[in-house]
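Listed below are the residues making up each chain.
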Amino acid sequence: MDVIALGDPTDAQIGEWQSVAAAVWACDRPGDPVPDLEQTRARLLVPPPASRNVLWAAVDGGRMCGTAYLRLPDDAGRAAEIDVQVLPAHRRRGIGTRLLAVAADRLRAARCGTVVVQVLAGTPAVPFLEAHGFHCVLSLRVMLLRLDELDPLRLARLVADAPPGYRLARWTGTVSDELAGELAMAKRAMADITVGGSFRWDPRRVREMAEAVAARGDRLYTVAALHGPAAAPRIAGFTEVVVSSTAPERAAQYDTAVVPEHRGRRLGIWLKAAMLEWLRTERPDVREIETDNADDNSHMLAVNAELGFRHQRDHLDYQADVADLPTLVR
Ligand SMILES: CC(C)(COP(=O)(O)OP(=O)(O)OC[C@H]1O[C@@H](n2cnc3c(N)ncnc32)[C@H](O)[C@@H]1OP(=O)(O)O)[C@@H](O)C(=O)NCCC(=O)NCCS
């Protein structure tokens, strides 16, 4: 078995990567829609903002049997993100460890000190990571809402029940120049729930995040609660949903945050209800929305339960000091 770096993956290599991902997905998360080829291509070729992707494949007998994806941050102080996958029939032969060691050596060369990964609770990833120096830092409850189960009258009442002093704004894609600084400020309000060092949001990064979604061919929907004068609006909270171009049936909830001084006024449920009402009319191709929340974030869990989200499964965020990871260099 060899591990090869995929500097500039060819179509054939992306196709093989997709086959590994589909087999792993079918084994570890049966029943969930498998990412399609275009989603895999976009994930590999379009790195998230302020980072770059480094990719490796484990090849056995000329066939790809494992993959490693590393997202290296541009900020030295931020955590990298890793994802190692091995075909079910090739597991427990040290392939995952070898891929992790190659990625760890790259992290050391880049002087990156911390790495994070999100895995599904109850899968082999848990003992694998714990055997290799990772520890669990956050448990997340994944919840799903079926839009056809929503009661439109109840939704309309929630949206009409505007907290006094606030008004709604909504847009698709990149935020306007007028609100970019405000959105960055509101995103910094999420620092208390971010694993791996908080991202230093500023207007440029807010735009880059929206551009990265568009570059994948996906669509970003944002609803914000504004307050203050119409000439200089302030953002008190916002919620974002992304709809994939190739698999729009299950949309993904991205960030939702209410700025600390505006919390406790039902802005969270108002924003999310307004988003659901918008998607119901604008995107009939969206059937369900998936979200995850820290299992101790009782406020957001209550908001989602009130809207009709149902518990689906649990994710675990693991973190390691790069110094504790296996190495190939001895
Ligand atoms: C997690 C995964 C990458 C492990 O790949 P692998 O090639 O089987 O891992 P290794 O053979 O290198 O295992 C190394 C050690 O991890 C632990 N381990 C791995 N799988 C395990 C399992 N199913 N049960 C218990 N321990 C396990 C063991 O300590 C193992 O050493 P051992 O075989 O000598 O006992 C693989 O199961 C996978 O692809 N899972 C789905 C994708 C995923 O969730 N990836 C996690 C993100 S990093």
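Residues numbered from 1 in each chain as written. Predicted model: local features only at pLDDT ≥ 70, side-chain atom pairs only at ≥ 80, totals over all residues. Heavy atoms only, no water.

### Side note on the overall build of the protein
Here's step 1: Looking only at helices and strands, the protein has nine helices and twelve strands in total.
Here's step 2: Expected size for 330 residues packed as a compact globule is a radius of gyration near 20 Å; at 21 Å, the protein falls within 12% of this value.
Here's step 3: Taken along the three principal axes of its C-alpha coordinates, the protein extends 65 × 40 × 35 Å.
Here's step 4: Here the protein holds 330 residues, and 50% of them are scored as buried.
Here's step 5: Long-range pairs, those at least 24 residues apart, make up 72% of the contacts in the protein with a sequence separation of at least 6.
Here's step 6: Surface exposure of the protein reaches about 15,300 Å², of which carbon and sulfur atoms provide 51%.
Here's step 7: If you average the places of the 40 positive and of the 44 negative side-chain charges in the protein, the two averages end up 1 Å apart. (Helix = DSSP H or I, 4+ residues; strand = E, 2+ residues; numbered from the N terminus. Rg over C-alpha atoms; globule rule 2.2 N^0.38 Å. Buried < 20%, exposed > 50% of the residue type's maximum accessible area, 1.4 Å probe, protein only. Contact = heavy atoms within 4.5 Å. Areas by Shrake-Rupley, 256 points an atom, 1.4 Å probe, with all protein chains shown as cover. Lys, Arg positive; Asp, Glu negative; His and termini not counted. Charge placed at Lys NZ, Arg CZ, Asp CG, Glu CD.)

### A look at the packing of helix H5 (residues 152-160) against helix H8 (residues 267-282)
Here's step 1: One can describe the packing of H5 onto H8 by two numbers: an axis separation of 8 Å at closest approach and a directional angle of 130°. Compared by their axis directions, H5 and H8 come out oblique. Of the two elements, H5 crosses H8, and the hand of that crossing is left-handed. Contact with H5, carried on its side by Pro152, Leu155, Ala156, Leu158 and Val159, involves Ile269, Trp270, Ala273, Ala274, Leu276, Glu277 and Arg280 of H8 and no other residues of that element.
Here's step 2: Taken together, the residues of the contact of H5 with H8 break down into ten nonpolar, no polar and two charged. (Axes fitted to C-alpha atoms, helices over the stretch in contact; angles between N-to-C directions. Parallel < 35°, antiparallel > 145°, perpendicular 65-115°, else oblique. Left-handed = near helix turned anticlockwise from the far one by under 90°. Nonpolar A, V, L, I, M, F, W, Y, C, P; charged D, E, K, R; others polar.)

### Here's the deal with the domain arrangement of the protein
Here's step 1: Taken domain by domain, the protein holds domain 1 (2-142 + 317-324) and domain 2 (151-307).
Here's step 2: Relative to domain 2, the C-alpha centre of domain 1 lies at a distance of 28 Å.
Here's step 3: Contacts between the two partners involve 23 residues from domain 1 and, on the opposite side, 23 residues from domain 2.
Here's step 4: Between domain 1 and domain 2 lies a buried interface of about 1,900 Å² when both sides are counted; carbon and sulfur atoms form 58% of it. (Domains from an automatic or database assignment. Buried area = accessible area lost by both parts, 1.4 Å probe.)

### Details of the site of the ligand
Here's step 1: The local shell around the ligand holds 21 residues, among which Val84, Val86, Gly94, Gly96 and Thr97 are the closest.
Here's step 2: One nitrogen or oxygen atom from the main chain of Arg93 is found 3.2 Å from an oxygen atom belonging to the ligand.
Here's step 3: Elements represented by at least two residues in the shell around the ligand include exactly helix H1 (11-28), strand E4 (80-86), helix H3 (95-109), strand E5 (114-120) and helix H4 (125-130).
Here's step 4: Among the elements that take part in the shell around the ligand, E4 stands out by supplying four residues, more than any other.
Here's step 5: Its residues assigned to classes, the shell around the ligand shows eleven nonpolar, five polar and five charged. (Near = heavy atom within 4 Å. Polar contact = N/O pair within 3.5 Å; in protein donor to acceptor, adjacent residues only side chain to side chain.)

### With respect to the UniProt feature "domain: N-acetyltransferase" (unreviewed entry) in the protein
Here's step 1: UniProt's feature table lists "domain: N-acetyltransferase" (unreviewed entry) at residues 4-148, given in the numbering used throughout.
Here's step 2: Within the segment residues 4-148, helix and strand shares are 33% and 34% respectively, and the terminal C-alpha atoms sit 46 Å apart. (UniProt positions renumbered as here; feature names shortened; annotations may be inferred.)

### Quick notes on the side chain of Arg313
Here's step 1: Inspection of the secondary structure puts Arg313 in strand E12 (residues 310-321).
Here's step 2: Residue Arg313 is classed as buried on the basis of its relative accessible area, which comes to 12%.
Here's step 3: When near neighbours in sequence (up to four residues on either side) are disregarded, Arg313 contacts Arg29, Asp32, Leu120, Leu140, Arg141, Val142, Arg250 and Glu290.

### Here we look at the packing of helix H6 (residues 177-188) against helix H7 (residues 203-215)
Here's step 1: Packing of H6 against H7 brings their axes to within 8 Å, and their N-to-C directions diverge by 95°. The orientation of H6 relative to H7 falls into the category roughly perpendicular. Contacts from Asp177, Ala180, Gly181, Leu183, Ala184 and Lys187 in H6 reach Pro203, Val206, Arg207 and Met209 in H7.
Here's step 2: Per-class residue counts for the contact of H6 with H7 are six nonpolar, one polar and three charged.

### Side note on the packing of aromatic side chains
Here a ring pair, both rings aromatic, is described through the centre-centre distance and the interplanar angle of the planes.
Here's step 1: Applying the stated criterion to the full structure yields one aromatic pair.
Here's step 2: Pairing Tyr221 with Trp278 gives two aromatic rings, centres 5.1 Å apart and planes at 80°, and the pair type is edge-to-face. On the criterion of sequence distance, the pair formed by Tyr221 in strand E8 (residues 219-227) and Trp278 in helix H8 is long-range, its members being 57 residues apart.
Here's step 3: Classification of Trp278 by relative accessible area gives buried; the value is 5%.
Here's step 4: Its guanidinium or amino end placed over the ring of Tyr69, Arg43 lies 4.1 Å from that ring's centre, counting from NZ or CZ.
Here's step 5: The ring of Trp201 is capped by Lys187, whose NZ or CZ atom sits 4.5 Å from the centre of that ring. (Phe/Tyr/Trp six-rings, centres within 6.5 Å; stacked < 30°, edge-to-face > 60°. Lys NZ or Arg CZ within 6 Å of the ring centre and 35° of its normal.)

### Re H6
Here's step 1: Look at H6: 18 Å from first C-alpha to last across twelve residues, which is about the 16 Å you get at 1.5 Å a residue.
Here's step 2: For H6, the secondary structure elements touched by its buried residues are strand E7 (167-172), H7, E8, strand E9 (234-243) and strand E10 (250-258). (Expected span 1.5 Å × (residues − 1).)

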